[in-house]
Amino acid sequence: MALQEPEINEEEWYPIKDKFSVSKQISQSHIEFRVAQSNTSNDVLTITFVGMSSFTAEQETISKEINLEEFDALQRQMIELYPSIKEAGITLELPQPPRGLMGYIRSLHIPDQFFVDAVKYLHQLSDQCGVDNVLRVFLQVTDDYEEQWGDLNRTFYADEWKTTLKDYEQVVAKRSQLEFKSMKELHDYYEEDDEAFFFLDRKEKRHYKFQVQPFEDLCNIALAERDNAVARLSDVNLPIVELAQAMHEQAECQEHYLEARTQLQQVQLQHYQQLAERMELRLRRTEQDKHCLEAIWDKRGDGRMIQLHDALNGAIVAMLKLHCQQLADHKEQALLSMAMVKEGPAMAEEVAKKEDEVFRIQLQYFNLQQRLLEEEETRLKYKLDFVGQDQREKLKRKLGRIPTKIAQMRIKQVCYNYMHPHCCVIL
């Protein structure tokens, strides 16, 4: 009987490439890694590679910023790809950030020794697995294998987030099975819930960052091309033909930039909407606990409610600001299309339509600015019920200024209604 060739499900296979094999042809003496703390955030590292790799035939410098959570995930990803790392005992202990709700309040301190150990760790990985493979994972240097490698990363981050979400849902489900006889017991459960949510939030942010990275790259590329076109326009000796071409490229690059920004903002909005929904559910559960367990409730529970409300408010404010950015981009697109209206019998009518569109966008922008002020007012009023007398006076002074700002915004809207549309500027 002839042997039948087994069926192969391609979806169950990861692509393989020769460069994933361990390669030590590049001497360690010709490469250098540097690790430093980023200026953007305490938990973000700047990793720099100086040297040669198979991606280029000459000396190069490559830098990338990643936070500690991402670094931890990349460590585990390296071990999955190269089990010999674990056998060789190559590890790096990462500084642990504050957990639970304190993670939103306290900043992380990274000791100087960690940066020395991190450099040593990257050199050990390069010696064990090859420089190219370390660059692929930690600095995300890519070649023609970029698409398959991106799919592998996407699957890794998505699976990791789903696992953490399942763990958090188990902690939430556990709440209905417990009976609390003291605030200490309830507070212990809250600490468990806060820690589970903290890890879920970190994993979700890592997955979110991987999703937005391609759109951020497209924005940066489009801006760089646009700046090149603008630089050419500043050349007074540029021939008319090249001048027209540079103007066309500038407009085209600006359009590509706004398109990429639109896609980026959609991903960002989805992220903050999910965060706001989860924070609202956590706040409602805590408010329900206060109502049902009023006999044992104390200030620790009130402090938790304030922190949850602040986190919910932060997510809502982030969404409103993103909507403001979207309106600013829509207005810029409308002004750009207005400037590109071709001459002809219908030119005046087309320009009038664009002016009307810009006018409506500006009014929507004013409405969003007013909503931001109202959201701040809601946040401060919520705090008034939980703070002491000394803090109440400070909050009241802040609250007293908000109605004036709202009134000023309404006056702007009224005045703007009497302005000609083409005079509008987003203030």
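Peer 1: What should I look at first to understand the overall build of the protein in this one?
Peer 2: Scanning the protein for helices and strands turns up 10 helices and 3 strands. Ordered by position from N to C terminus, the α and β elements of the protein give β-β-β-α-α-α-α-α-α-α-α-α-α. Buried positions account for 42% of the 427 residues belonging to the protein. For the protein, the proportion of contacts with a sequence separation of at least 24, taken over those separated by at least 6, is 71%. Approximately 25,400 Å² of the protein is accessible, and the part contributed by carbon and sulfur atoms is 52%.

Peer 1: Can you help me understand the packing of aromatic side chains in this one?
Peer 2: For any two aromatic rings, the description comes down to two numbers: the centre-to-centre distance and the angle of the planes. Evaluation of the coordinates by the stated rule reveals 9 aromatic pairs. Each ring, one from Phe 114 and one from Phe 115, has its centre 5.7 Å from the other, and the planes form 70 degrees; the classification is edge-to-face. The exposure class assigned to Phe 115 is buried, which follows from its relative accessible area of 12%. With a centroid separation of 6.4 Å and an interplanar angle of 85 degrees, the aromatic rings of Tyr 121 and Phe 138 are classed as edge-to-face. Residue Tyr 121 is located in helix α3 (residues 112–129), and its partner Phe 138 is located in helix α4 (residues 131–138); the two are separated by 17 residues in the primary sequence. Using a relative accessible area of 1% as the deciding quantity, one classes Phe 138 as buried. The ring of Phe 197 has Arg 282 lying over it, and the distance from NZ or CZ to the ring centre is 4.2 Å. Across from the ring centre of Tyr 190, 4.0 Å away, lies the NZ or CZ of Arg 304, which sits over that ring.

Peer 1: Is there a simple way to think about the pattern of salt bridges in this case?
Peer 2: Side-chain pairs of opposite charge can arise whenever the charged atoms involved come near each other. Within this structure, the stated rule accounts for 24 salt bridges. Between Glu 160 and Arg 76 there is a salt bridge; the shortest N-O distance is 2.5 Å. In this pair, Glu 160 is assigned in helix α5 (residues 146–174) and Arg 76 in helix α1 (residues 68–81), connecting sequence segments 84 residues apart. For Glu 160, a relative accessible area of 10% corresponds to the buried category. The network of salt bridges with common partners includes Asp 72, Arg 76, Glu 160 and Lys 203.

Peer 1: Please explain the nonpolar core as it appears in this structure.
Peer 2: Proteins that are soluble and globular tend to have nonpolar side chains buried together. By size, the foremost hydrophobic cluster in this structure holds 37 residues, and its most contacted members are Phe 71, Met 78, Phe 114 and Phe 138. For this core, the secondary structure elements donating two or more residues are β1 (31–37), β2 (44–53), β3 (56–67), α1, α3, α4 and α5. With 7 residues, α3 is the single largest residue contributor to this core. Beyond its immediate sequence surroundings of up to four residues, Phe 71 is in contact with Leu 45, Ile 47, Ile 66, Leu 92, Leu 94, Tyr 121 and Phe 138. Listed in part, the 27 residues of the second largest apolar core include Met 183, Tyr 189, Leu 200 and Trp 297.

Peer 1: Explanation requested: the packing of helix α8 (residues 299–339) against helix α9 (residues 347–384) in the structure shown.
Peer 2: The description of two packed helices rests on the angle between their axes and on the distance between the axes. Orientation of α8 relative to α9, taken along the N-to-C sense of each, is 170 degrees, at an axis distance of 9 Å. With respect to α9, the axis of α8 lies roughly antiparallel. Grouping the constituent residues of the contact of α8 with α9 by class yields 17 nonpolar, 9 polar and 10 charged.

Peer 1: Looking at this structure, how should I read a positive patch on the surface?
Peer 2: A cluster of basic side chains, namely Lys 394, Arg 397, Lys 398, Arg 401 and Lys 405, defines a positive patch on the protein surface. Secondary-structure assignment places Lys 398 in helix α10 (residues 389–416). Among the residues examined, Lys 398 registers a relative accessible area of 43% and is labelled partly exposed.

Peer 1: Teacher, can you tell me more about the environment of Met 52 here?
Peer 2: Within the secondary structure, Met 52 is located in strand β2. When its relative accessible area of 34% is taken as the criterion, Met 52 is described as partly exposed. When the C-alpha atoms of Met 52 and Ile 31 are compared, they prove to be 6.6 Å apart, with 21 residues separating the residues in sequence.

Peer 1: Help me understand the confidence of the model for the protein in this model?
Peer 2: Confidence along the protein averages 79 in pLDDT terms, with 83% of residues attaining 70 or more. Predicted confidence is poor over residues 1–27, with pLDDT under 50, and the contacts of this stretch with residues over four places away or in other chains come to 36 contacts. Predicted confidence for residues 421–427 stays below pLDDT 50, and this span has 20 contacts to residues more than four positions away or in other chains.

Peer 1: Please clarify how the packing of helix α7 (residues 240–292) against α8 should be interpreted in this entry.
Peer 2: As a packed pair, α7 and α8 sit with axes 8 Å apart at the nearest point and diverge in direction by 160 degrees. Relative to α8, the element α7 lies roughly antiparallel. The interaxial crossing formed by α7 with α8 has left-handed handedness. For the contact of α7 with α8, a count of residues per class yields 17 nonpolar, 12 polar and 11 charged.

Analysis parameters
Residues numbered from 1 in each chain as written. Predicted model: local features only at pLDDT ≥ 70, side-chain atom pairs only at ≥ 80, totals over all residues. Heavy atoms only, no water. Helix = DSSP H or I, 4+ residues; strand = E, 2+ residues; numbered from the N terminus. Buried < 20%, exposed > 50% of the residue type's maximum accessible area, 1.4 Å probe, protein only. Contact = heavy atoms within 4.5 Å. Areas by Shrake-Rupley, 256 points an atom, 1.4 Å probe, with all protein chains shown as cover. Phe/Tyr/Trp six-rings, centres within 6.5 Å; stacked < 30°, edge-to-face > 60°. Lys NZ or Arg CZ within 6 Å of the ring centre and 35° of its normal. Salt bridge = Lys/Arg side-chain N within 4 Å of Asp/Glu carboxyl O. Core = buried A, V, L, I, M, F, W, Y, C linked by side-chain atoms within 4.5 Å. Axes fitted to C-alpha atoms, helices over the stretch in contact; angles between N-to-C directions. Parallel < 35°, antiparallel > 145°, perpendicular 65-115°, else oblique. Nonpolar A, V, L, I, M, F, W, Y, C, P; charged D, E, K, R; others polar. Patch = residues over 30% accessible without salt bridge, like charges linked within 9 Å, V, L, I, M, F, W, Y side chains within 5 Å. Lys, Arg positive; Asp, Glu negative; His and termini not counted. Charge placed at Lys NZ, Arg CZ, Asp CG, Glu CD. pLDDT = per-residue confidence, 0-100. Left-handed = near helix turned anticlockwise from the far one by under 90°.

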